[in-house]
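Residue-level listing of the chains:
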Amino acid sequence: MDELENFIFSGDCLQFMKEMKKDYHERIRLIYIDPPYFSGTDYTLKKRGKGAPERAPMLIEEVTYTDKWEGGLQEYLQYMRERIEAMKPLLREDGSLWLHVDLHASHYVKTLLDDIFGESNFVNEIVWRRTNSPKSQSKGFGSQHDNILLYAKDITKFETKPVYRKHDEKSLKPYRYEDERGKFRLIEIEAQGIQRTENRKQFEWRGRTAPYLYRRETLDKWWDENRIYTSRNGRYSKKQYLSDVQGVLVSDLWLDINPIQGASKEYSGFLTQKPVALLERIIECATEPGDVVADFFGGSGTTAVAASRLERSWIICDVSSVAIEIATKRLREMNKPHYELRTSYGYTDT
Ligand SMILES: C[S@@+](CC[C@H](N)C(=O)[O-])C[C@H]1O[C@@H](n2cnc3c(N)ncnc32)[C@H](O)[C@@H]1O
C-alpha cells in the first residue's frame, strides 16, 4: 500500500477536489460522505475550559459546523450538487458513492444523485437505525433512522461481497430440525404463492408431482447428498444446515449496528460521529485491501479509522479545525497509519 495516499485535508472539499483532480482522476474505489443534512442546526462540541484550581472546570461549547442555510433548500442543493459533481470523476469505473443523509432532504438529494450519476446506477437506499430511543413527537412519529444512498459509477462494473450478520435468537428459531450432520431448517423446493404462475411446469419426482423450483438433476444431487427432507405427507424440502451458513444475509435494513453513545468506547466527543462498524461494513463489501477510500466530509475521522483497520488507503477532508483536531488525535492513537496533513494540496505536517 502506498503510505503517502493516507492524508487529511483541512479546508473546503470543493477546493480540494479541484486541486486533486489531476492526481486522483478515476483512482478512488469508494467515496463515503456524511455531509450536513439540511437540519437547520449548529453542531457543537463541549470542551473543558481552564478554571480556577478550586473550582470544577468550565465546559465551553464550540461550534464545529453549522447546518443552517439562509438561501433555504435551493442553496443547500446547489452546494451539494457542486461537490457531488466534483466527486464523480475521481471514482474508478468500478467505484461507488455512499451518501449518508436523513429525513430532512434525502428525497431531494436522491433526485440530485439520479441526475448526476444516472438513475440506472442507483443501487440501494440503506436504512440504518441510528438511535434506539426516538424522541416523542406531537405530530407524526419519532425518526429513528438515517438513509445511505448507494450509487455505482457504472452499475455494469460495480460489485459487492455478500454481508452476513451474526445469528440471533429469532434467526436461529427455524433451525429446529436435527440429524447426524447437525441442526437444519427447511427450504421450499416447490413454487409457492405467486411463484405458481400458469406457465410453470409440474413434473413427477420420486413419487410426487409438483411445480418444482429446481431441475430434476439438481434435486437428484441433493437427494444423494442426503439434503432432502421428506415430511410425513410425502412433501419434499431442502435441508439447510446451520453449519453451512455464515450468518444471516444482510439486506438494506441495517438494525444491527449500534449508534455511538456518550458511553461508547470509541466516542470522541464529536456529536455526529458514526460508528466504525458502519464504515467497516461499507468499505469491506465494496473495496479490496490497497484500494483508495475517501470521505470529503470526514468529521471525527471514522472513515479513515475504518479504512486503516482494513488496510485500505484513505483520504479525508474537513472544513472545521475542531473536526481535524479530533480526527488527527484518533488516528495518532491508532498508532498505525502514516498520513500527511495538508491545508492546501501542499504538504504541511506528518
Ligand atoms: C456529519 S459530520 C461528519 C461526521 C463523520 N462521518 C464522523 O463519523 O465523524 C459533517 C462534517 O462535514 C464537515 N463539512 C461541512 N462542510 C464542509 C465542506 N465544504 N468541506 C469539508 N467538510 C465540510 C463538517 O465540518 C462536519 O465535520
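Because the structure is a prediction, the values reported are computed rather than measured.

A separate point is the overall build of the chain. Per the secondary structure count, the chain includes eight helices and 20 strands. Each principal axis of the C-alpha distribution contributes one length, and for the chain these read about 85 × 55 × 45 Å. Across the 350 residues in the chain, those meeting the buried criterion constitute 30%. Taking as baseline every contact in the chain between residues at least 6 positions apart, the subset at least 24 positions apart corresponds to 67%.

Let's shift gears to the sheet that holds strand β13 (residues 228–230). Strand order in the open sheet formed by four strands is β9-β10-β14-β13, with antiparallel pairing between adjacent strands. Because the sheet does not close on itself, it has two edges, and the strands there are β9 (177–179) and β13. Taking each pair of neighbouring strands and ignoring which way they run, the sheet shows an average axis angle of 50°.

With that out of the way, let us pick up the environment of E180. Among the structural elements, E180 can be located in the loop between β9 and β10 (182–188). Separated by 107 residues in sequence, E180 and T287 place their C-alpha atoms 39 Å apart.

This part takes up the nonpolar core. Counting 62 residues, the largest nonpolar core has I31 and L99 as the members making the most contacts within it. Other than its neighbours up to four places away in sequence, I31 contacts M87, L91, L97 and A294.

For helix α7 (residues 302–309), the buried fraction is high: seven of the eight residues fall into the buried class. Residues of α7 that are buried include every one of T302, T303, A304, V305, A306, A307 and S308, and no others. Among the structural elements, β2 (28–33), α6 (276–286), β17 (292–295), β18 (313–318) and α8 (321–334) are those in contact with the buried residues of α7. Phi turns positive one or two residues past the end of α7, at E311, with a value near 60°.

Further remarks concern the packing of α7 against α8. Contact pair α7 / α8: the axes reach a minimum separation of 9 Å and the direction vectors enclose 20°. Regarding the angle of α7 to α8, the classification is roughly parallel. Like other packed secondary-structure pairs, α7 and α8 cross with a definite hand, here right-handed. Residues A304, V305 and S308 of α7 form the contact with α8, whose own contacting residues are A327, R330, L331 and M334. Tallied by class, residues from the contact of α7 with α8 come to five nonpolar, one polar and one charged.

What follows deals with the environment of E82. Relative to the elements of secondary structure, E82 occurs in helix α2 (residues 72–87). Residue class for E82 comes out exposed when judged on the 12 C-beta atoms lying within 10 Å of it. As for E82 and L14, which are separated by 68 residues in sequence, their C-alpha atoms are 7.5 Å apart.

Here we come to the site of the ligand. Every one of the 21 residues lining the ligand counts as a neighbour, but Y65, F297, G299, S300 and T302 are closest to it. Elements that contribute at least two residues to the shell around the ligand include exactly β4 (59–66) and β18. Broken down by class, the residue content of the shell around the ligand amounts to ten nonpolar, seven polar and four charged.

Turning our eyes to something else, we now look at helix α3 (residues 106–117). For α3, spanning twelve residues, the distance from its first C-alpha to its last is 16 Å, which sits close to the expected 16 Å at 1.5 Å a residue. Of the positions making up α3, those classed as buried are V109, L113 and F117. Axial view of α3: buried residues confined to an arc of 50°, hence all on one face. Of the exposed residues in α3, the ones pointing more than 90 degrees away from its buried face are H107, T111 and D115. Residues of α3 that are buried make contact with α2, β5 (91–101) and β7 (145–152).

Moving on to the domain arrangement of the chain. Domains assigned within the chain are domain 1 (3–163 + 250–349) and domain 2 (170–244). The gap between the C-alpha centroids of domain 1 and domain 2 is 44 Å.

Moving on: the pairing of strand β14 (residues 236–241). Strand direction decides the pairing type here: β10 and β14, joined by five bridges, are antiparallel. Paired with L186 across the two strands is K239, which belongs to β14. Direction of pairing for β13 relative to β14: antiparallel, over a ladder of three bridges. Paired with I228 across the two strands is K238, which belongs to β14. Here β13 hands over to β14 after five residues, with G234 in that stretch at a positive phi of 85°.

Before going further, it helps to examine the packing of α2 against α3. Viewed as axis vectors pointing N to C, α2 and α3 meet at an angle of 35°, and their least axial separation amounts to 11 Å. You can see that α2 and α3 cross each other, and the crossing is right-handed. In this structure, α2 uses L73, L77, M80, R81, I84 and E85 to contact α3, whose residues at the interface are Y108, V109, L112, L113 and I116. For the contact of α2 with α3, the residue count by class is nine nonpolar, no polar and two charged.

Attention now goes to the pairing of β18. In terms of burial, β18 is largely enclosed, as six of its six residues are buried. As judged from the four bridges shared by β17 and β18, these two strands associate in the parallel manner. Residue pairing for β18: A294 is matched across the bridge by I315. Crossover handedness for the path β17 to α7 to β18: right-handed.

Conventions we followed
- Residues numbered from 1 in each chain as written.
- Predicted model: local features only at pLDDT ≥ 70, side-chain atom pairs only at ≥ 80, totals over all residues.
- Helix = DSSP H or I, 4+ residues; strand = E, 2+ residues; numbered from the N terminus.
- Buried ≥ 20, exposed ≤ 12 C-beta atoms within 10 Å, placed from the backbone.
- Contact = placed C-beta atoms within 7 Å.
- Pairing = 2+ DSSP bridges.
- Axes fitted to C-alpha atoms, helices over the stretch in contact; angles between N-to-C directions.
- Core = buried A, V, L, I, M, F, W, Y, C linked by C-beta atoms within 7 Å.
- Parallel < 35°, antiparallel > 145°, perpendicular 65-115°, else oblique.
- Left-handed = near helix turned anticlockwise from the far one by under 90°.
- Nonpolar A, V, L, I, M, F, W, Y, C, P; charged D, E, K, R; others polar.
- Near = placed C-beta within 6 Å.
- Expected span 1.5 Å × (residues − 1).
- Arc of directions from axis to C-beta.
- Domains from an automatic or database assignment.
- Right-handed = clockwise from strand over helix to strand, strands pointing away.

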